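These are the residues of each chain, in order.
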Amino acid sequence: MVITIASGKGGSAKTKTTANLARALFDIGAPPSAMIDADYGISLTRLYGYSPTSSIITALIEGTISFEDALHETNDEIPLIPGSPQVAKVPGTREELKRWTDRLREVGTDKLILIDTSDDITSAPVAAAILAADLLVIPLQFEDGDYERTYPEIEGILTHFGHKPEEVWVGSMVEGRTAYEKAVAQRLADEGREISIRIPRAVAVREAGRHERSAVGAFPKAKVSEVYRDLATVILARLRRLGYMGGKAAPVGRPTRDVTLGESVRI
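All residue numbers here refer to positions counted from 1 along the written sequence of the relevant chain. Local features in this predicted model are restricted to residues whose pLDDT is 70 or higher, and side-chain atom pairs enter the listing and the counts only when it is 80 or higher, whereas totals over whole chains, interfaces and linings include all residues. Think of the side-chain values as coming from all heavy atoms in the structure, minus any hydrogens and water.

1. Observations regarding the pairing of strand β1 (residues 2-5)
1) Next: Working definition: with a 1.4 Å probe on protein chains only, accessible area under 20% of the residue-type maximum means buried, over 50% means exposed, and in between means partly exposed. For helices the rule is a DSSP run of H or I covering at least 4 residues; for strands it is a run of E covering at least 2, with both sets numbered from the N terminus onward. Burial along β1 is two-sided: V2 and T4 facing one way and I3 and I5 facing the other are all buried.
2) Next: Pairing geometry for β1 and strand β5 (residues 113-116), over four bridges, is parallel. Across the sheet, V2 pairs through a bridge with I113, a residue of β5.
3) Next: Between any two strands, pairing holds if DSSP finds at least two bridges. Strand direction decides the pairing type here: β1 and strand β6 (residues 135-140), joined by three bridges, are parallel. Note that in β6 the partner of T4 across the bridge is L136.

See the structure below:
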């Protein structure tokens, strides 16, 4: 199963959502096989202290490295396939989009994978992650204009290719109820959607980064961690409906295992 965290709005907490959801799924007994960083900004890769010297995700797509050898250990106990700024150079052709989509779907055939993306929705890696998704997690901040930047391009890709993944909308960095939030909630309801969980803005999320961990992993008793575990429960229920029966984490290859790719080193 592939879970893709996507939004057309930069700074919507996609990376934080990816890391915390992955660890929360681990906590409730549904550990992901890996997190994949498909963001050219490599926020997830840097969160876990890696500075890759080669595009491991591209090598995985091209088949020059195995899934197991692409995995890197993290302090959250969920393996990471690091990203690279080089994914921004992937050609935006239909052929390349198909290759990325097919490979990501293949990887997710017998594994639970979470993919972090950038806000460059129409780039081949991000569009492929959306089209490979069995379930889309869409973080949304309740600030003026955010909804208009969050979903239109995603919807355009889904409509164009006739793909209909499950969707879970998440309120991101929420600071109380606002008139704009109420208006967005009503607009979503009119479209047959809803905000499943509201994640509060929390110091624990920021502090966890200093430990190269998610807030759920670093501060399991924090209120925000409890909310992320609630989100994980919602996600797991959706996955069960899709036929997911669980699984365990894959063995992790050493970061320097494939010397032809160069090393990935800790910052």
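Anyway, onward from the coordinates.
2. As for the packing of helix α1 (residues 14-27) against helix α12 (residues 223-241)
1) Next: Where α1 contacts α12, the two axes come as close as 8 Å, and the packing angle between them is 75°. What the angle tells us is that α1 and α12 run roughly perpendicular. Taking contact as the criterion, the partners of K16, T17, N20, L21, A24, L25 and D27 in α1 are, on α12, Y228, R229, L231, A232 and I235.
2) Next: Tallied by class, residues from the contact of α1 with α12 come to seven nonpolar, two polar and three charged. Only the contacting stretch of a helix is used when fitting its axis, a line to C-alpha atoms as for every element, and angles between N-to-C directions run 0 to 180 degrees. Note on terminology: angles under 35 degrees are roughly parallel, angles over 145 are roughly antiparallel, angles of 65 to 115 are roughly perpendicular, and the others are oblique. Contacts between residues were defined by any pair of non-hydrogen atoms, one from each residue, lying within 4.5 Å. Only Asp, Glu, Lys and Arg are considered charged, only Ala, Val, Leu, Ile, Met, Phe, Trp, Tyr, Cys and Pro nonpolar, and every remaining residue, Gly among them, polar.

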